[in-house]
Amino acid sequence: VQLQACGGGLVQAGGSLRLSCAASGLTFSMYDMGWFRQPPGKEREFVAATRGNDGRTYYADSVKGRFTISRDNAKNTVYLQMSSLIPEDTAVYYCASKHYSGPHYYTEMHPYTHWGQGTQVTVSS
């Protein structure tokens with residue numbers, strides 16, 4: 001399994017970015033996909049997730065209403081649309097995957113079995 005995240009960059013506060021994560025080596029529709037981020041000097045934290053079997057979504061409170069996770073099973077890709085960005089969103093963003101039959105914990109890191117390399121998002125004030 002390989003996950004390739006891209007789409008990060010430098011953006012002003014209030015702006016938008018869309019991250020993409022292309023997956024290979026797996027039956028994508030059978031995998032839950034998550035986005036996590038690691039702000040400078042802090043631990044990695046949950047951002048959003050989407051279930052493989054029904055597309056149900058989960059969000060961290062800090063991004064609800066601003067970020068949207070979506071998936072295109074035909075393209076083996078998960079997206080994170082980020083809007084109304086604030087400096088506190090500055091972090092390295094990682095995508096992750098786990099088989100849908102695994103533990104039904106979507107907001108924690110440990111059930112995810114594969115991780116992408118991360119993409120930097122910097123929001124300037």
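Higher on the page you've got the structure.
Residues numbered from 1 in each chain as written. Predicted model: local features only at pLDDT ≥ 70, side-chain atom pairs only at ≥ 80, totals over all residues. Heavy atoms only, no water.

1. Quick notes on the pattern of salt bridges
- Considering all chains together, one arrives at six salt bridges under this definition.
- Of the charged contacts, one joins Lys98 and Asp32 as a salt bridge, the two residues approaching to 2.7 Å between their closest N and O atoms. Here Asp32 lies in strand S4 (residues 31-38) and Lys98 lies in strand S9 (residues 91-99), a separation of 66 residues in the sequence. Judged on exposure class, the residue Lys98 and its partner Asp32 are both buried.
- Here Arg37 makes a salt bridge to Asp89, at a shortest N to O gap of 2.9 Å. Of this pair, Arg37 sits in strand S4 while Asp89 sits in the loop between strand S8 (77-82) and S9, placing them 52 residues apart in sequence.
- Linked through salt bridges whose partners overlap, the residues forming this network are Arg37, Glu45, Arg66 and Asp89. (Salt bridge = Lys/Arg side-chain N within 4 Å of Asp/Glu carboxyl O. Helix = DSSP H or I, 4+ residues; strand = E, 2+ residues; numbered from the N terminus. Buried < 20%, exposed > 50% of the residue type's maximum accessible area, 1.4 Å probe, protein only.)

2. As for the packing of aromatic side chains
- All told, the structure shown has five aromatic pairs when counted by the stated rule.
- Pairing Phe36 with Trp115 gives two aromatic rings, centres 5.1 Å apart and planes at 55°, and the pair type is tilted. Of the two residues, Phe36 is situated in strand S4 and Trp115 in strand S10 (residues 114-115); the sequence distance between them amounts to 79 residues.
- For Phe36, a relative accessible area of 0% puts it in the buried group. (Phe/Tyr/Trp six-rings, centres within 6.5 Å; stacked < 30°, edge-to-face > 60°.)

3. Observations regarding the pairing of strand S11 (residues 119-124)
- The alternating pattern of S11 places Thr119, Val121 and Val123 on a buried face and Gln120, Thr122 and Ser124 on a face that is not buried.
- By the bridge criterion, four bridges tie strand S2 (residues 9-12) to S11 in an arrangement that is parallel. Across the sheet, Gln12 pairs through a bridge with Ser124, a residue of S11.
- The sheet contact formed by S9 and S11 spans three bridges and is antiparallel. Along S11, the bridge assignment pairs Val92 with Gln120. (Pairing = 2+ DSSP bridges.)

4. So, the sheet that holds strand S1 (residues 2-6)
- Taken in spatial order, the four strands of this open sheet run S1-S3-S8-S7, and their pairing is antiparallel. Here the strands that pair on one side only, and so sit at the sheet edges, are S1 and strand S7 (67-72). The sheet shows a mean angle of 15° between the axes of neighbouring strands, taken without regard to direction. (Axes fitted to C-alpha atoms, helices over the stretch in contact; angles between N-to-C directions.)

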